[in-house]
Amino acid sequence: MSAESRLLVTAAPHVGSTDSTPRIMWTVVATLLPLLAAGTWFFGPGVLLVVAAAVAGAVLPEHFFGRRGALGDGSAAITGLLLGLTLPPGLPLWMAFVGGAFGIAFGKLVFGGLGQNVFNPALVGRAFLQAAFPVAITTWPAATEEWMTLRGDLFATPLMSAAADTVTAATPLGLMKFEGTGTEVLELFFGQTGGSIGETSALLILVCGAYLALKRYLDWRIPVSVFLTTAVFAGALHLLNPEYPGPLFMLFSGGLVLGAIFMATDMVTSPVTTKGAWIFGAGIGFLVVVIRVWGGLAEGVMYAILLMNALVPFINRVTQPRVFGQRPKEDAS
Amino acid sequence: MSDLFWILLSAMVVNNFTLALFLGLCPFMGVSSRVDTALRMGLANVFVLVLTSLSAWTLNTFVLPYAPYLRLISFIVVIASLVQIVEMAVKKLSPALFRQLGIFLPLITTNCAILGLAIFQTNRGYGLFEGLFFAVGAGLGLTLALVLMASIRESTELSDVPEVTRGTGLVLIIAGTLSLAFMGFAGLLSAA
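Residues numbered from 1 in each chain as written. Chains lettered and ligands numbered in written order. Predicted model: local features only at pLDDT ≥ 70, side-chain atom pairs only at ≥ 80, totals over all residues. Heavy atoms only, no water.

### Here we look at the interface of chain B and chain A
- Counting residues at the interface gives 29 residues for chain B, matched by 27 residues for chain A.
- Buried surface at the junction of chain B and chain A, both sides included, amounts to about 2200 Å², of which 76% is carbon and sulfur.
- The interface formed by chain B and chain A contains 1 salt bridge.
- Two residues, R317 of chain A and E154 of chain B, come together in a salt bridge whose shortest N-O distance is 2.8 Å.
- Between chain B and chain A we count 3 residue pairs in polar contact (both at pLDDT 80 or more) in total.
- Contributions of two or more residues to the side of chain B that touches chain A are made by helix 8 (128-155) and helix 9 (168-182) of chain B.
- The dominant element in the side of chain B that touches chain A, judged by the number of residues it contributes, is helix 9 of chain B, at 8 residues.
- Partitioning the side of chain B that touches chain A into residue classes produces 19 nonpolar, 8 polar and 2 charged. (Contact = heavy atoms within 4.5 Å. Buried area = accessible area lost by both parts, 1.4 Å probe. Salt bridge = Lys/Arg side-chain N within 4 Å of Asp/Glu carboxyl O. Polar contact = N/O pair within 3.5 Å; in protein donor to acceptor, adjacent residues only side chain to side chain. Helix = DSSP H or I, 4+ residues; strand = E, 2+ residues; numbered from the N terminus. Nonpolar A, V, L, I, M, F, W, Y, C, P; charged D, E, K, R; others polar.)

Now the structure itself:
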């Protein structure tokens, strides 16, 4: 040990940690890759193109308009990956690109970049796509025999219509909503169903999420609270009227698991207090069931999370813990 | 009874005046920088909307059958003058309430949400109670939008917002995103 290092004086805090923003972000990216691999396994290699387009769309505006070196922290890559995983396997690539670019530009850069955005950028991009291209984003190509076949209309260009209709199949939620038929819960759990690229295998997402929760990179209270609320609310409805889907179907179908674990737990757009995290999750679960059961759309996870994102500043305000020794706030007026 | 409740809920959330129908945007942009002001603005809105609903119903039942061509102008004149009179009365009778709500009242009267409510109510053929519940729902919906916007704006106050979007630009973008999020309620309660 040299003389200089023995005399080193630093400011508090003195407890070191190896966790840093880039480290956490790139770990999340790494845990998303198995989902991408599973999506490729289920829907063919075309999904890699869709996800790549979304990532490119997210990374470019961050590179040109973001802080210098902002790409290095990996947060734009996460946004692009997450957006890509929530898109249908056959979405035209340019739409995926536009979604990623819109999400980063209008969901994050206009707020001042990482840490200051109110809404989850990936979901802003997806909500934009859902509003702009409502047909393309709810077109789910059917699984074909040939794994190497490219599903859907990947290389469509703006303003051009597709040459041939793609063979489509409904998602479990769509089947439930519009035709009233259920899907085996086990199939939902392992992921051999139609749906977005990364949302189908609940098992895999849960494993990846558990890893992140163990590393404390996500707040376990939020997904737990989402799952509990959804299960209890959907279960109660199912008991009252068995025509409504049961709690297990609700939990493992659509994007609920993916949304609860990877989107709702975004450190920037979720509440900072413990009590707030429970409320936040419960609100998401409640809204998901309301939109799925009574709404005009088959899936509501994205909207539920965005709506609760909007409530986060308010939740933070209400659940602010009392400082030790401070009296409860009296009426100021 | 349950019909009335659905009318209220539908006007408050699903067909939110601000975020789904884009009415009443001026207070939404202008008075949403602090949560407590936004809340008071929202409550003043509820109050004026209820008055609007009452006067629109009165006009529709007793006056307009004889002079249907007067509808728009009579709505505006009657509602605006009624709110002015109420404002004076409140100022005289309850100065405390006036300090809370009073300054907003003249601002709201010329708002599109007010005329919108009167016209919606007429077109849908709502009766007295349906109209009242519709007005309360619409007012609470405006309050909800205002408070949401104000709390988001307060949280972005210390952010490092780029020059181009500072101020109204960011508010418009937040409003657009909120509106995108409220699209999730589309089709909900479509029966009501």
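### A word on the nonpolar core
- L32, F119, F262 and I284 of chain A together with L178 of chain B are the most contacted members of the largest nonpolar core, which totals 137 residues.
- Of the residues that make up this core, three or more belong to each of domain 1 (19-169) and domain 2 (170-318) of chain A.
- The residues contacting L32 of chain A, other than those within four sequence positions of it, are I78, L81, L82, L85 and F262 of chain A.
- Core analysis: the second largest hydrophobic core is formed by 5 residues, A234, L237, V289 and V293 of chain A among them. (Core = buried A, V, L, I, M, F, W, Y, C linked by side-chain atoms within 4.5 Å. Buried < 20%, exposed > 50% of the residue type's maximum accessible area, 1.4 Å probe, protein only. Domains from an automatic or database assignment.)

### Some words on the pattern of salt bridges
Residues and elements named next belong to chain A.
- A full pass over the atoms with the stated rule returns 9 salt bridges over all chains.
- Between K108 and E62 there is a salt bridge whose closest N-O contact spans 3.4 Å. With K108 in the loop between helix 5 (93-107) and helix 6 (121-132) and E62 in helix 3 (residues 46-65), the pair connects residues that are 46 residues apart, well separated along the chain.
- Overall, K108 belongs to the buried group, its relative accessible area being 2%.
- On the basis of relative accessible area, E62 is assigned to the buried category, the value being 3%.

### Overview of helix 2 (residues 21-43) of chain A
- Over its 23 residues, helix 2 of chain A extends 33 Å from the first C-alpha to the last, a length consistent with the 33 Å expected when each residue adds 1.5 Å.
- Positioned one or two residues after helix 2 of chain A, G44 of chain A has a phi angle of 90°, which is positive. (Expected span 1.5 Å × (residues − 1).)

### A closer look at the domain arrangement of chain A
Residue and element names in this part refer to chain A.
- In terms of domains, chain A is made up of domain 1 (19-169) and domain 2 (170-318).
- In this structure, domain 1 and domain 2 have C-alpha centres spaced 20 Å apart.
- Counting residues at the interface gives 38 residues for domain 1 and 33 residues for domain 2.
- Between domain 1 and domain 2 lies a buried interface of about 2900 Å² when both sides are counted; carbon and sulfur atoms form 75% of it.
- Broken down residue by residue, the surface that domain 1 buries against domain 2 is led by L35, F42 and L123, which jointly contribute 19%.
- Our count for the domain 1 to domain 2 interface comes out at 0 salt bridges.

### Focus on the environment of F185 of chain B
- Within the secondary structure, F185 of chain B is located in the segment after helix 9.
- For F185 of chain B, a relative accessible area of 7% corresponds to the buried category.
- Along the sequence, F185 of chain B and I76 of chain B sit 109 residues apart, while their C-alpha atoms lie 31 Å from each other.
- Sequence-distant contacts of F185 of chain B, that is, excluding residues within four places in its chain, are made with L287 and L307 of chain A together with V13 and V14 of chain B.

### With respect to the packing of aromatic side chains
- By the definition in use, this model includes 14 aromatic pairs over all chains.
- Judged by centre distance (6.4 Å) and plane angle (50°), the ring pair of F233 of chain A and W294 of chain A falls under tilted. Taken together, the positions of F233 of chain A in helix 10 (residues 221-240) and W294 of chain A in helix 13 (residues 274-294) put the pair 61 residues apart, joining distant regions of the chain.
- You can call F233 of chain A partly exposed: its relative accessible area is 21%.
- Residue W294 of chain A is classed as partly exposed on the basis of its relative accessible area of 39%.
- Following the ring pairs from residue to residue traces out a cluster consisting of F233, Y244, F286 and W294 of chain A.
- A cation sits over an aromatic face here: R124 of chain B above F120 of chain B, 5.0 Å from the ring centre. (Phe/Tyr/Trp six-rings, centres within 6.5 Å; stacked < 30°, edge-to-face > 60°. Lys NZ or Arg CZ within 6 Å of the ring centre and 35° of its normal.)

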